[in-house]
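Report on the structure
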Amino acid sequence: MKGTVGELGEFGLIRELTSRLTTTPAVRVGPGDDAAVVAAPDRRVVASTDILLEGRHFRRDWSTAYDVGRKAAAQNLADIAAMGAVPTALLLGLVVPAELPVTWPTELMDGLRDECQVAGASVVGGDVVRGDTIMVSITALGDLRNQEPVTRGGAQPGDLVAVTGWLGWSAAGYAVLSRGFRSPRAFVEAHRRPEPPYHAGPAAAGLGATAMCDVSDGLIADLGHIAEASKVRIDIRSGVIDIPSQMSDIGQAVGVDPLQWVLTGGEDHAIVATFPPDVKLPARWKVIGEVLNPSALPLVTVDGAPWTSKGGWDHFGDAES
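Please read these numbers as outputs of a predicted model, since none were measured by experiment. (Residues numbered from 1 in each chain as written. Predicted model: local features only at pLDDT ≥ 70, side-chain atom pairs only at ≥ 80, totals over all residues. Heavy atoms only, no water.)

**Section: the pairing of strand 7 (residues 160-164)**
Of all 5 residues that make up strand 7, 4 are buried, and the element is covered over most of its length. Bridging between strand 7 and strand 10 (residues 271-275) involves 5 bridges; their strand directions are antiparallel. Opposite Val163, over in strand 10, you have Val272 as the bridge partner. Sheet topology note: the strand 7/strand 11 (residues 286-292) ladder contains 4 bridges and is antiparallel. Counted as the bridge partner of Leu160 is Glu290 from strand 11. (Buried < 20%, exposed > 50% of the residue type's maximum accessible area, 1.4 Å probe, protein only. Helix = DSSP H or I, 4+ residues; strand = E, 2+ residues; numbered from the N terminus. Pairing = 2+ DSSP bridges.)

Here it is, written out as structure tokens:
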């Protein structure tokens, strides 16, 4: 498609974006009306929202619009899954410059649509506004399907800490891109398009998970959220965490211990949860630590000691490490 967003106009752009969408049985009224209607059989709706700003959360020279769409959907739908819910719908707020080629927002929508399909959800509406820079705002909705939500505040001393999904891959990909390279491709793609284990969230709730979180800020940081909310301490056993040989090679090339990426790199959107010690976990879950009584040590320790290396994500602090 040729032309710019300004030439197409607001309503022309909306028509073009919504024409690319698919739907699911949960959507009773989709895009095109004053608001969408999404079924909520459980009578409770799980909701999460997030914003991606160009230059802060993505770069157009690193990621295609399709990549940004996949990532924007993934990081919000992962939040729904981490509550033990099934993703159902997604709303888009989009700010774009008038001179932006129309292909960019249409490819963004393709990415959003395709990631929603992976999670079993659909894009049901949104809004577009003219602005000086690109901003993508996402609201995701989910259904608990008669389960109780799994919050960050239920971990108990004696619980196991387990994780499913990738750890450190996005951070390793970020390091590769930051140095002007595009390979190893698997790690670069992990940064551009995270692959959250959506089905693991509701499954963990069914297994009796006591607390749960997706790994968006970094494993130590996100386990810190659980420890703080649950008023416990969590210890990670670094020796049981698998580090792929290619990640080690990248670390050697750039002078970084890959364990740093695994423990503090964010945006993989793996799911980490605590479980009672007698729960039999499926093979997809890797036990990496345990929940302990609070002490004078930090909320999260590694092999019984504080982790002193800087890392993790803070929107009002330094950029990602």
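**Topic: the nonpolar core**
Within the largest apolar cluster, 49 residues are counted, with the highest numbers of intra-cluster contacts made by Leu77, Leu112, Val136, Phe275 and Trp285. With 8 residues, helix 3 (residues 65-81) is the single largest residue contributor to this core. Those residues in contact with Val136, other than ones at most four positions away along the chain, are Asp50, Ile51, Leu52, Ala72, Leu92, Gly93, Leu94 and Leu108. One finds Leu167, Ala171, Ala227 and Val300 within the second-largest nonpolar core, a separate group that totals 38 residues. (Core = buried A, V, L, I, M, F, W, Y, C linked by side-chain atoms within 4.5 Å. Contact = heavy atoms within 4.5 Å.)

**As for unusual backbone geometry**
Cis rather than trans, the peptide bond between Ser183 and Pro184 has omega equal to 5°. Mapped onto the elements of the fold, Pro184 is located in the loop between helix 5 (169-178) and helix 6 (185-192). Its identity is not glycine, yet Glu267 carries a phi of approximately 70°, on the positive side. With respect to the helices, strands and loops of the structure, Glu267 is situated in the loop between helix 10 (258-264) and strand 10. For Glu267, a relative accessible area of 12% puts it in the buried group. In this model, Asp303 sits at a positive phi of 55°, which is unusual for a non-glycine residue. As for its placement among the helices and strands, Asp303 is situated in the segment after strand 12 (300-302). Judged by its relative accessible area of 48%, Asp303 is partly exposed.

**Topic: the pairing of strand 9 (residues 233-236)**
Burial of the side chains of strand 9 extends over both faces: Arg233 and Asp235 are buried on one face and Ile234 and Ile236 on the other. In this structure, strand 9 lies alongside strand 11, joined through 4 bridges in antiparallel fashion. Bridge assignment links Asp235 to a residue of strand 11, and that residue is Glu290. Examined bridge by bridge, strand 9 and strand 12 share 3 bridges and lie parallel to one another. Across the sheet, the residue bridging to Asp235 is Thr301, located in strand 12.

**Details of the sheet that holds strand 11**
What the 6 strands build is an open sheet, ordered 8-10-7-11-9-12; its pairing is mixed. Both edges of this open sheet fall to strand 8 (211-214) and strand 12, since each of them pairs with a single strand only. When the angles between neighbouring strand axes are averaged without regard to direction, this sheet yields 25°. Packing against the sheet, helix 8 (residues 219-230) makes contact with strand 7, strand 8, strand 9, strand 10, strand 11 and strand 12, and its axis sits at approximately 150° to strand 9. (Axes fitted to C-alpha atoms, helices over the stretch in contact; angles between N-to-C directions.)

**A closer look at the UniProt feature "binding site: Mg(2+) 4" (unreviewed entry) in the protein**
Feature annotation in UniProt assigns "binding site: Mg(2+) 4" (unreviewed entry) to the following positions: Asp34, Ser48 and Asp79. For the residues just named, distributed over 46 residues, the greatest C-alpha separation reaches 26.2 Å, placing them at more than one site. Position of Asp34 among the secondary structure elements: in the loop between strand 1 (27-29) and strand 2 (37-38). Assignment of secondary structure puts Asp79 in helix 3. For Asp79, a relative accessible area of 23% translates into the label partly exposed. A distance of 3.2 Å separates the side chain of Asp79 from the side chain of Ser48, its partner in a polar contact. (UniProt positions renumbered as here; feature names shortened; annotations may be inferred. Polar contact = N/O pair within 3.5 Å; in protein donor to acceptor, adjacent residues only side chain to side chain.)

**Topic: the pattern of salt bridges**
Counted by the stated rule, this structure contains 13 salt bridges. Between Glu16 and Arg20 there is a salt bridge whose closest N-O contact spans 2.8 Å. Close ionic contact of Arg44 with Asp42 constitutes a salt bridge, the shortest N to O distance being 2.5 Å. The partly exposed category is assigned to Arg44, whose relative accessible area is 29%. With relative accessibility at 9%, the residue Asp42 sits in the buried group. A cluster of three or more residues bridged by salt bridges with shared partners is formed by Glu16, Arg20, Asp110, Arg113 and Asp114. (Salt bridge = Lys/Arg side-chain N within 4 Å of Asp/Glu carboxyl O.)

**Things to note about the packing of aromatic side chains**
Applying the stated criterion across every chain, the model contains 5 aromatic pairs. Seen in terms of ring centroids, Phe58 and Trp104 are 6.0 Å apart; in terms of plane orientation they differ by 25°. Their pairing is stacked. Residue Phe58 is found in the loop between strand 3 (45-53) and helix 3, and its partner Trp104 is found in helix 4 (residues 103-119); the two are separated by 46 residues along the sequence. Here Phe58 and Trp104 have matching classes, each one buried. Measuring from centroid to centroid gives 5.7 Å for Trp62 and Tyr174, while their planes differ by 80°, and the two rings are edge-to-face. Separated by 112 residues along the polypeptide, Trp62 in the loop between strand 3 and helix 3 and Tyr174 in helix 5 bring together distant segments of the chain. Judged by its relative accessible area of 22%, Tyr174 falls in the partly exposed class. Site record: aromatic cluster; members linked through ring pairs are Trp166, Trp169 and Phe187. (Phe/Tyr/Trp six-rings, centres within 6.5 Å; stacked < 30°, edge-to-face > 60°.)

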